[in-house]
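Residue-level structural notes
These are the residues of each chain, in order.
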Amino acid sequence: GDSVTQMEGPVTLSEEAFLTINCTYTATGYPSLFWYVQYPGEGLQLLLKATKADDKGSNKGFEATYRKETTSFHLEKGSVQVSDSAVYFCASNAGRGSTLGRLYFGRGTQLTVWP
Amino acid sequence: NAGVTQTPKFQVLKTGQSMTLQCAQDMNHEYMSWYRQDPGMGLRLIHYSVGAGITDQGEVPNGYNVSRSTTEDFPLRLLSAAPSQTSVYFCASSYSFTGNEQFFGPGTRLTVL
């Protein structure tokens, strides 16, 4: 069935370091892919998304490219800041069928950035 | 727009008590859903609705009921609370069920003693 697997955390980095959080998906169709971010005590916010193969989603210096051949959607940022400390969730929607809108989430990756 | 609102923010129940978690959205979204978030488990879908009068079960529906009498509201009912239902509950909505972005509420932190 459909599922998302993402890199286990926690991830601890120094400010200005390079960030990669790996995410792979399985889907029967052609899902859209998402990265959500959750700051402490808050709900999830959409960080970026990609709706088809080779699309690149980007926002706030974060990027992720939809790679159909490797079924991946890895999150990257060239220079992290303390304010990026949060939990990051990779998600996909179902590729087809009546549950098209539901999201499948990875387990989340806790990122802590030290000054 | 207020977006997706949830009440209460915090709740403590005793085993066996019932309660309703409220969720409302003012974006005229057709699709609404409830998730629970547990440490190391990500978010798991409890129930969802693709429109008023239509609901369906997600991954972990046992012990929960939902109804969708209006487009705006999607309450989640705990029939007889159990300690295993201690969790953070998120409501989400999206314009349609065709893969659009989902908007999340701020969450309800529930503790069952």
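So, here's what we can say about the structure. (Residues numbered from 1 in each chain as written. Chains lettered and ligands numbered in written order. Predicted model: local features only at pLDDT ≥ 70, side-chain atom pairs only at ≥ 80, totals over all residues. Heavy atoms only, no water.)

1. Looking at the overall build of chain A
Of regular secondary structure, chain A possesses zero helices and 12 strands. Along the chain direction, N to C, the helices and strands of chain A fall in the order β-β-β-β-β-β-β-β-β-β-β-β. The C-alpha radius of gyration computed for chain A amounts to 14 Å, which stays within 12% of the reference 13 Å derived for 115 residues, consistent with globular compactness. Dimensions of chain A, computed from C-alpha atoms along their principal axes, come out at roughly 45 × 30 × 20 Å. Looking at chain A as a whole, 49% of its 115 residues are labelled buried. The contacts of chain A with a sequence gap of at least 6 include a subset with a gap of at least 24, amounting to 55%. Carbon and sulfur atoms make up 48% of the accessible area of chain A, which amounts to about 5,400 Å² in all. Considering chain A, the positive charge centre built from 10 side chains and the negative charge centre built from 11 side chains are found 9 Å apart. (Helix = DSSP H or I, 4+ residues; strand = E, 2+ residues; numbered from the N terminus. Rg over C-alpha atoms; globule rule 2.2 N^0.38 Å. Buried < 20%, exposed > 50% of the residue type's maximum accessible area, 1.4 Å probe, protein only. Contact = heavy atoms within 4.5 Å. Areas by Shrake-Rupley, 256 points an atom, 1.4 Å probe, with all protein chains shown as cover. Lys, Arg positive; Asp, Glu negative; His and termini not counted. Charge placed at Lys NZ, Arg CZ, Asp CG, Glu CD.)

2. A few points about the overall build of chain B
In terms of regular secondary structure, chain B is built from zero helices and 11 strands. The C-alpha radius of gyration computed for chain B amounts to 13 Å, which stays within 12% of the reference 13 Å derived for 113 residues, consistent with globular compactness. Projected onto its principal axes, the C-alpha coordinates of chain B cover approximately 35 × 25 × 25 Å. Burial analysis of chain B (113 residues in total) assigns 48% to the buried set. Contacts spanning at least 24 positions in sequence make up 54% of the contacts within chain B whose residues lie at least 6 apart. With the model as given, the accessible surface of chain B reaches about 5,100 Å², and the carbon-plus-sulfur share is 52%. The averaged location of the 8 negative side-chain charges in chain B is 14 Å from the averaged location of its 7 positive side-chain charges.

3. With respect to the interface of chain B and chain A
Where interface size is given, it is often the accessible area lost as the parts come together that is meant. With 20 residues of chain B at the interface, the matching set in chain A holds 20 residues. Listing elements by their share of the side of chain B that touches chain A, those giving two or more residues are β4 (31-38) and β5 (42-51) of chain B. For the side of chain B that touches chain A, the class distribution of residues is 10 nonpolar, eight polar and two charged. (Nonpolar A, V, L, I, M, F, W, Y, C, P; charged D, E, K, R; others polar.)

4. As for the pattern of salt bridges
This model, assessed by the stated rule, comprises five salt bridges over all chains. Each of the salt bridges in this network shares a partner with another, and the network as a whole consists of B:R36, B:D38 and B:R44. (Salt bridge = Lys/Arg side-chain N within 4 Å of Asp/Glu carboxyl O.)

5. Structural notes on the state of the cysteines
All names here are of chain A. By the definition in use, this model includes two disulfides over all chains. Here C23 engages in a disulfide with C90; their sulfurs sit 1.9 Å apart. Between C23 and C90 the disulfide shows an S-S torsion of about -70°. By sign, it is left-handed. One end of the pair, C23, is in strand β4 (residues 23-26); the other, C90, is in strand β10 (residues 86-93), with 67 residues separating them in the sequence. Comparing C23 with C90, the two get one shared label, buried. (Disulfide = S-S within 2.5 Å.)

6. Quick word on the pairing of β5(B)
Taken residue by residue, a regular strand's side chains alternate between the two faces of the sheet. Residues and elements named next belong to chain B. For β5, the buried fraction is high: eight of the 10 residues fall into the buried class. As judged from the seven bridges shared by β4 and β5, these two strands associate in the antiparallel manner. By the bridge assignment for β5, Q37 is matched with L43. Between the end of β4 and the start of β5, which pair antiparallel, lie three residues, with G40 showing a positive phi angle near 75°. One ladder, built from three bridges, connects β5 with strand β6 (residues 54-57); its direction is antiparallel. Note that in β6 the partner of G51 across the bridge is I54. (Pairing = 2+ DSSP bridges.)

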